[in-house]
Amino acid sequence: MVEHMRQSWKSVVRASGVVAAGAALLVGVTGGTAHAAVGWNAQYTAGDIGGAHAWGSVDAQSRVFVKVNIKDSKPGDAYGARVYLKARYNDGGTRSENLSVSGGTKSTTWNFAANVVKIEVQECTTKGGSAYKCASGWHTLPRG
């Protein structure tokens, strides 16, 4: 009888270990899966123009974070580079941002309310700090 109780107790302990290991694995799988940002690139899109290169990432969580990089891809000419962002919200609201650089690369991150439904970018060249020539269209960013 005592031997049978020892065997039963070993089975309970073994089963508890399996349950604990399974729970730990489940927590590791579900708790460790952070929301990943989605990359974007305006190159070869309607928002692309020679002399500027814009790219970045979108990460939608409780707010939408848009990482933006702009590069003056022809630093030897007399023009700078600018990227314009325009956001549209589900309540009809809008928001615009821009980032400019001359002869290098510049980065920033903007965050938008979660009810944003569309964000578009457009590359432009600048002269004397003003928009000189912009791409023929806009590139819609993915929803991160």
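None of the values given here were measured: they were computed from a predicted structure. (Residues numbered from 1 in each chain as written. Predicted model: local features only at pLDDT ≥ 70, side-chain atom pairs only at ≥ 80, totals over all residues. Heavy atoms only, no water.)

Caption draft 1: Representation of the pairing of strand S4 (residues 80–89) in the model. Most of S4 is tucked away: 7 of the 10 residues are buried. With 8 bridges connecting them, S4 and strand S5 (residues 94–101) associate as antiparallel partners. Paired with Arg82 across the bridge in S5 is Ser100. Here S4 folds back onto S5 in antiparallel fashion, the turn holding 4 residues, of which Gly92 has a positive phi close to 95°. (Buried < 20%, exposed > 50% of the residue type's maximum accessible area, 1.4 Å probe, protein only. Helix = DSSP H or I, 4+ residues; strand = E, 2+ residues; numbered from the N terminus. Pairing = 2+ DSSP bridges.)

Caption draft 2: View of the state of the cysteines. For the coordinates displayed, the defined rule picks out 1 disulfide. The side chain of Cys124 participates in a disulfide bridge whose partner is Cys134; the two sulfur atoms lie 2.0 Å from each other. Judged by the torsion about the S-S bond (105°), the Cys124/Cys134 disulfide is right-handed. Of the two residues, Cys124 sits in strand S7 (residues 116–127) while Cys134 sits in strand S8 (residues 130–134), which places them 10 residues apart along the sequence. When its relative accessible area of 0% is taken as the criterion, Cys124 is described as buried. (Disulfide = S-S within 2.5 Å.)

Caption draft 3: Molecular detail of unusual backbone geometry. Even without a glycine there, the phi angle at Tyr44 is positive, about 65°. Positionally, Tyr44 belongs in the loop between strand S1 (38–41) and strand S2 (52–60). The exposure class assigned to Tyr44 is exposed, which follows from its relative accessible area of 74%.

Caption draft 4: Quick peek at the pairing of strand S3 (residues 63–72). Strand direction decides the pairing type here: S2 and S3, joined by 9 bridges, are antiparallel. Paired with Ala52 across the two strands is Asp72, which belongs to S3. Turn length for the S2-S3 hairpin, with the two strands adjacent in sequence and antiparallel, is 2 residues. Bridge count between S3 and strand S6 (residues 105–113): 9 bridges; the pairing is antiparallel. The residue bridging Phe65 from the neighbouring strand is Asn111, located in S6.

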